[in-house]
Amino acid sequence: GESVGLHLPTLSVQEGDNSIINCAYSNSASDYFIWYKQESGKGPQFIIDIRSNMDKRQGQRVTVLLNKTVKHLSLQIAATQPGDSAVYFCAENLGSNTGKLIFGQGTTLQVKP
Amino acid sequence: EPEVTQTPSHQVTQMGQEVILRCVPISNHLYFYWYRQILGQKVEFLVSFYNNEISEKSEIFDDQFSVERPDGSNFTLKIRSTKLEDSAMYFCASRADPDEQFFGPGTRLTVL
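Computed from a predicted structure; not experimentally measured. (Residues numbered from 1 in each chain as written. Chains lettered and ligands numbered in written order. Predicted model: local features only at pLDDT ≥ 70, side-chain atom pairs only at ≥ 80, totals over all residues. Heavy atoms only, no water.)

A. Local environment of the overall build of chain B. Looking only at helices and strands, one finds zero helices and eleven strands in chain B. Taken from the N to the C terminus, the helices and strands of chain B come in the order β-β-β-β-β-β-β-β-β-β-β. The C-alpha atoms of chain B give 13 Å as radius of gyration, which agrees with the globular expectation for 112 residues (13 Å, within 12%). Along the three orthogonal principal directions, the C-alpha set of chain B runs to about 40 × 25 × 25 Å. Expressed as a percentage of the 112 residues in chain B, the buried residues total 44%. When contacts within chain B are restricted to residue pairs at least 6 apart in sequence, those whose partners lie at least 24 apart make up 52%. Carbon and sulfur atoms provide 46% of the accessible area of chain B, an area that totals close to 5700 Å². Chain B carries 10 positive and 16 negative side-chain charges, and their two centres are separated by 5 Å. (Helix = DSSP H or I, 4+ residues; strand = E, 2+ residues; numbered from the N terminus. Rg over C-alpha atoms; globule rule 2.2 N^0.38 Å. Buried < 20%, exposed > 50% of the residue type's maximum accessible area, 1.4 Å probe, protein only. Contact = heavy atoms within 4.5 Å. Areas by Shrake-Rupley, 256 points an atom, 1.4 Å probe, with all protein chains shown as cover. Lys, Arg positive; Asp, Glu negative; His and termini not counted. Charge placed at Lys NZ, Arg CZ, Asp CG, Glu CD.)

Here it is in structure tokens:
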């Protein structure tokens, strides 16, 4: 069935440390994955995406890893900053040409100064 | 940088009343979406819209919901007779490229 889930509801890290947020998905037909950041009272903000024909993609301070064998997605944030504190959602497109996204439950990242 | 805008930011209504939530997608985008997020829960897909018609809708999007693009810039979500369980944040999104969706800041709907 359609489900995208996150392993941990809350992640607390020290400022300057690296953060890893994980996500499991269940649909093998998914061909596109996105990480969104949501700050309190705001809409989801695009961070980084990856297609199913890739294993890794890097952005500025962020890296997304995709393991299709175990249907696992992770977001790595280097040198975490207080401004990174937010809820992080993974989302998947099940190959629908409408672009419909299925979101996971979300992980709250707390950065301690 | 272009962005999706939504109005109002907060809408309070009585149960059974009709509400219209408004969105201005990013100019030149062709695909439009509505999602909702009940407090503390994940974002849920409601409907996608392309070429002036609904391209996909979820089970949530029943006969009480409708969408419209009345002119070249606005994209609206109407709930005909609101229920308590319709209370949520409603997000509009749009995209031009095949993949990346840009989300608006949301409208918080409170049904009393």
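Okay, back to it.
B. How the structure looks around the state of the cysteines. Considering all chains together, one arrives at two disulfides over all chains under this definition. Put simply, Cys23 of chain A and Cys90 of chain A are joined by a disulfide, and their sulfur atoms are 1.8 Å apart. Disulfide Cys23 of chain A-Cys90 of chain A: torsion about the S-S bond near 50°, hence right-handed. With Cys23 of chain A in strand β3 (residues 19-25) and Cys90 of chain A in strand β9 (residues 86-93), the pair connects residues that are 67 residues apart, well separated along the chain. Between Cys23 of chain B and Cys92 of chain B runs a disulfide, and the two sulfur atoms are separated by 1.9 Å. (Disulfide = S-S within 2.5 Å.)

C. Summary view of the sheet that holds strand β3 (residues 19-24) of chain B. Residue and element names in this part refer to chain B. Taking strand neighbours across the sheet as the criterion, the four strands line up as β1-β3-β8-β7 in an open arrangement whose pairing is antiparallel. On the outer flanks of this sheet lie β1 (5-7) and β7 (65-68), each paired with one strand and no other. Between one strand and the next, the sheet's axes are offset by a mean angle of 20°, whatever the strand orientation. In this sheet, strand β8 (residues 75-79) lies alongside β3 in antiparallel orientation, the contact comprising five bridges. Its bridge partner lying in β8, Arg22 is registered against Thr76. (Pairing = 2+ DSSP bridges. Axes fitted to C-alpha atoms, helices over the stretch in contact; angles between N-to-C directions.)

D. Expanded view of the environment of Gly106 of chain A. Tracing the chain through its elements places Gly106 of chain A in the loop between β10 (102-103) and β11 (107-112). With 85 residues separating them along the chain, Gly106 of chain A and Ile21 of chain A place their C-alpha atoms 9.6 Å apart.

E. Layout of the pairing of strand β6 (residues 53-57) of chain B. Relative to β6 of chain B, strand β5 (residues 43-50) of chain B runs antiparallel, the two sharing four bridges. Counted as the bridge partner of Phe49 of chain B is Ile54 of chain B from β6 of chain B.

F. A look at the interface of chain B and chain A. Contacts between chain B and chain A engage 18 residues on the former and 19 residues on the latter. For the pair chain B and chain A, the summed buried surface comes to about 1600 Å²; carbon and sulfur atoms form 52% of the total. The largest share of the area that chain B buries against chain A comes from Lys42, Asp99 and Phe103 of chain B, three residues that together contribute 32% of it. The shortest N-O distance in the salt bridge between Lys100 of chain A and Glu56 of chain B comes to 3.5 Å. If you look at where chain B meets chain A, you find eight residue pairs in polar contact (both at pLDDT 80 or more). Taken together, the elements giving at least two residues each to the side of chain B that touches chain A come down to β4 (31-37), β5, β6 and β9 (88-95) of chain B. (Buried area = accessible area lost by both parts, 1.4 Å probe. Salt bridge = Lys/Arg side-chain N within 4 Å of Asp/Glu carboxyl O. Polar contact = N/O pair within 3.5 Å; in protein donor to acceptor, adjacent residues only side chain to side chain.)

G. Inspection of the packing of aromatic side chains at higher detail. With the rule as written, the count across this model stands at 15 aromatic pairs over all chains. Judged by centre distance (6.2 Å) and plane angle (35°), the rings of Tyr33 of chain B and Tyr35 of chain B are tilted. Given the relative accessible area of 0%, Tyr35 of chain B is considered buried. Judged by centre distance (5.2 Å) and plane angle (45°), the ring pair of Tyr35 of chain B and Phe103 of chain B falls under tilted. Here Tyr35 of chain B, found in strand β4, pairs with Phe103 of chain B, found in strand β10 (residues 102-103); they are 68 residues apart in sequence, far enough to count as distant. As far as burial versus exposure is concerned, Tyr35 of chain B and Phe103 of chain B are alike and both buried. What links up through ring pairs into an aromatic cluster is the set Tyr36, Phe46, Phe89 and Phe103 of chain A together with Tyr33, Tyr35, Phe45 and Phe103 of chain B. (Phe/Tyr/Trp six-rings, centres within 6.5 Å; stacked < 30°, edge-to-face > 60°.)

H. How the structure looks around the nonpolar core. Of all hydrophobic cores here, the largest spans 21 residues; its most connected members are Trp34, Leu46, Phe61, Val67, Phe75, Leu77 and Tyr90 of chain B. Where this core is concerned, the elements lending two or more residues are β3, β4, β5, β7, β8, β9 and β11 (107-111) of chain B. Contacts of Leu77 of chain B, omitting those with residues within four sequence positions, involve Val19, Ile20, Leu21, Trp34, Leu46, Phe61, Phe65, Ser66, Val67 and Tyr90 of chain B. Within the second largest apolar cluster, 20 residues are counted, among which are Tyr25, Ile48, Val62 and Ala86 of chain A. (Core = buried A, V, L, I, M, F, W, Y, C linked by side-chain atoms within 4.5 Å.)

I. Representation of the environment of Ala86 of chain A in the model. Mapped onto the elements of the fold, Ala86 of chain A is located in strand β9. With 19 residues separating them along the chain, Ala86 of chain A and Gln105 of chain A place their C-alpha atoms 13 Å apart.

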